[in-house]
Amino acid sequence: MLNRIKAIAVKETRQLLRDVRMMGVIFLFPVFLLVVFGYAINFDVQHIQLSVLDRDNSPESREFINSLLSTDYFDLVTYLKSDREIREFLDRKKAQCIAVIPSNFSNEIYRNEVAKIQFLIDGVDGNTATIIMNYVNAAVASYSNNLNYEFLSSRGIKLSSSVSLEPRFWFNPDLNSTRFLIPGLIGMILIIIAVVTISLSIVREKERGTIEQLNVSSIKIPELLTGKAIPYIVIAFINAGIILAAGYLFFGIEVKGSYLWLLISTLFFLAASIGIGILVSVIADSLQVAFLAGTLISLLPSMLLSGFVFPIESMPYVIRIFSNVTPTKFYIVCLRSILLKGAGIEVFWEQLLYMVIFTVIVVVAASKIYNKKQLKELSS
Amino acid sequence: MNYSIVAENLTKKFGDFTAVDSVSFKVEKGEIFGFLGANGAGKSTTIRMLCGLLEPTSGDAVVGGFSIMNEPDKVKQSIGYMSQRFSLYNDLTIEENIEFFGAVYGLKGKLLEKRKKWVLEISNLIGKERTLTGDLPGGIKQRLALGVAVIHKPKILFLDEPTSGVDPISRRNFWDLINRFSDEGTTVLVTTHYLEEAEYCNDIILINAGRLIAEGNPQRLKTEYIDGNAFEIETENPVELMDILKKAKFIIDVSIFGKKIHVITKKQFEKPDELENYCTQNEFKIDRITRIVPTLEDVFIHLLEHGSKNAQQN
């Protein structure tokens, strides 16, 4: 039995090594995704384009503006000269937000009245707009605190300590979205590679008729599938290694938890992914169909439903049930626990169980469909 | 008598459709057994059942001493199989293909090396071990495929239309190999479309619409299954002549072979003169008429037409 599994694995590896195109896909695709998700897709809001219409033009107004610009959050585009320019700058996206400082700004500060600043924000992207608003609120609060402090101390009053909030973000201290995305990215890349490679390799045998020769030999289907899976599991592990190394090099992400559990949960995940690949290979009769179906079935759910980008907790109930169509959902929980939190098995053992259940369901479904299809094919 | 394959009332149904209907036959050890029939007649289904790929709906067959119903895995171990669809892995070298299938059939170590050499030798590919299989011409690839199919020295070899799409010379070489295996004691069961190949077989069965309609050696088929005399007529206009002859009461079968027409007459019409008279009566000019020994093709056309008539009556 081992001899036959080895023969299949060796054969599969030889074929793979000769398939330059496939090798290219397997090793370049993860790098491509990593660059896209690591750099291009970034939910951190920084370097907000700010324009200012300063009607006051006083030391106070300039001080306020400088307090905004002294952080990484805001970049000054330009000073506007008139009201008319406001519309133009927002319409043409020359600025994301515009601060309008009225001409009586400094006067009102001196008269100890409420000084008002108008802040116009491009609200098309609601998420970003909210974040900008929070930044501005914080900046204004700190600016007025300073004013109060100066005002009171100039009168010899010592400010009693007020309540101060000292938030600390665990697991991802600088709220870096890349750190949040990397685990999902690993899951997504692994599932695509596993599903597409295994389904293509089986469908190729169907298309060329070589599967018949294997059927008639005394090789068993589980032997065949195990032999086929081995090289692709090795490749998936190499891929995972590349992503982890790149994540460390480019984004400073370290593995906080145990490598052993990382390995084990990845193995469980690959088993589930290969199950999907087998299901695809049973349904698809041509390489094109297999490639398309494999990519869609693996990519879309792991992107949209796995909690990779969009948190599952905030999905409607029905969608949350639906999110179980991808094992990436379970794997991401494991990965986040191991990579970011350094947590142990007690946190994610259920996820391993879910992945086992998932694998069993797809493999059983695949063998049912396989039996049905064989009957149909022969009777036609 | 020692039989390699004994099929008894082998039947396969797919839903309402009966693909193979109660087929029984026996194949002697070491003989070349031909399996003939039109596409969809049930040849492949029968072969697949005999190989243990498909479970019969009813009936059974003993292949190499094992029942296909009860011990399909043991059957698989004692047979070799090659189909027209079977191509080797084009992206593996000749050597890698041989090694892979050898290992799949459970060979290893020195035995595998020995068998590899043997396959290379019979397929005339010594010295080309590292050529990619995809670069080989069709005929040579076919021979290599055959060598690979028998790498484990099976006692019984199933060939499902092995020579379709192969040029005549390669086909000839291929049959030399089949004869060699048969001489060495391997039983060969082969399906084919080519009737001249059927002549190479020791025994033949003909299947139509899932039923066995004739069996025997080629010589016996030619003499026993046609109850009449065969003539060959040469003419300028065979299509027209065929229409005319079909109306004649003393004629059983008419079929076209290029510019010639083969006619099977009822037994009492033994002389070509009578046919010639009939043609002249119908104002038709013929060039030449000769009495012939019926070819296998005549026999099959005759059997298929009458066989299907019988099937409709049932």
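Residues numbered from 1 in each chain as written. Chains lettered and ligands numbered in written order. Predicted model: local features only at pLDDT ≥ 70, side-chain atom pairs only at ≥ 80, totals over all residues. Heavy atoms only, no water.

### Thoughts on the domain arrangement of chain A
Spelled out, the test is: For the domain bounds, the source is a domain assignment made automatically or taken from a database.
Domain annotation for chain A reports domain 1 (2-41 + 176-379) and domain 2 (48-154). The C-alpha centroid of domain 2 of chain A is placed 50 Å from the C-alpha centroid of domain 1 of chain A.

### Examining the pattern of salt bridges
To keep it simple, the criterion reads: Note on definitions: salt bridges are taken to be side-chain nitrogens of Lys or Arg within 4 Å of carboxyl oxygens of Asp or Glu. Helix numbering and strand numbering both begin at the N terminus, where a helix is a DSSP run of H or I of at least 4 residues and a strand a DSSP run of E of at least 2. For every residue, the accessible area obtained with a 1.4 Å probe (protein chains only) is divided by the maximum for its type, and the residue is called buried under 20%, exposed over 50%, and partly exposed between those limits.
Applying the stated criterion to the full structure yields 31 salt bridges over all chains. For Arg-211 of chain B, the salt bridge is made with Asp-21 of chain B, and the minimal N-O distance between the two is 3.2 Å. Pair noted here: Arg-211 of chain B is in strand β10 (residues 211-216) and Asp-21 of chain B is in strand β2 (residues 17-28), with a separation of 190 residues, a long-range link. A residue is classified by how much of its surface remains accessible, and Arg-211 of chain B, at 36% relative accessible area, is partly exposed. By relative accessible area, which is 26% here, Asp-21 of chain B ends up partly exposed. What emerges from the salt-bridge pattern is a single network uniting Arg-14 and Arg-18 of chain A together with Glu-95, Glu-96, Glu-99, Glu-113 and Lys-116 of chain B.

### Details of the pairing of strand β3 (residues 32-36) of chain B
All names here are of chain B. Cut-off, in case you're wondering: If DSSP finds at least two bridges between two strands, the strands pair.
β3 sits mainly inside the fold: five of its five residues count as buried. Neither face of β3 is exposed, since Ile-32, Gly-34 and Leu-36 on one face and Phe-33 and Phe-35 on the opposite face are all buried. As paired strands, β3 and strand β8 (residues 187-192) are joined by five bridges and run parallel to one another. Bridging from a neighbouring strand, Leu-36 pairs with Thr-192 of β8.

### Section: the nonpolar core
Rule in force here: We define a nonpolar core as any set of buried Ala, Val, Leu, Ile, Met, Phe, Trp, Tyr and Cys residues linked to one another through side-chain atoms lying within 4.5 Å. Contacts are assigned to residue pairs with any non-hydrogen atoms lying within 4.5 Å of each other.
In this structure, Phe-25, Phe-158 and Leu-189 of chain B are the most contacted members of the largest nonpolar core, which totals 87 residues. In terms of residues, this core owes the most to one element, helix α3 (residues 94-104) of chain B, which gives six residues. Each residue touching Leu-189 of chain B, except ones within four places of it in the same chain, is listed here: Ile-5, Phe-25, Val-27, Phe-33, Phe-35, Ile-47, Leu-50, Leu-157, Phe-158 and Leu-159 of chain B. Grouped together as the second largest cluster of nonpolar side chains are 62 residues, Val-196, Ala-236, Ile-243 and Cys-334 of chain A included.

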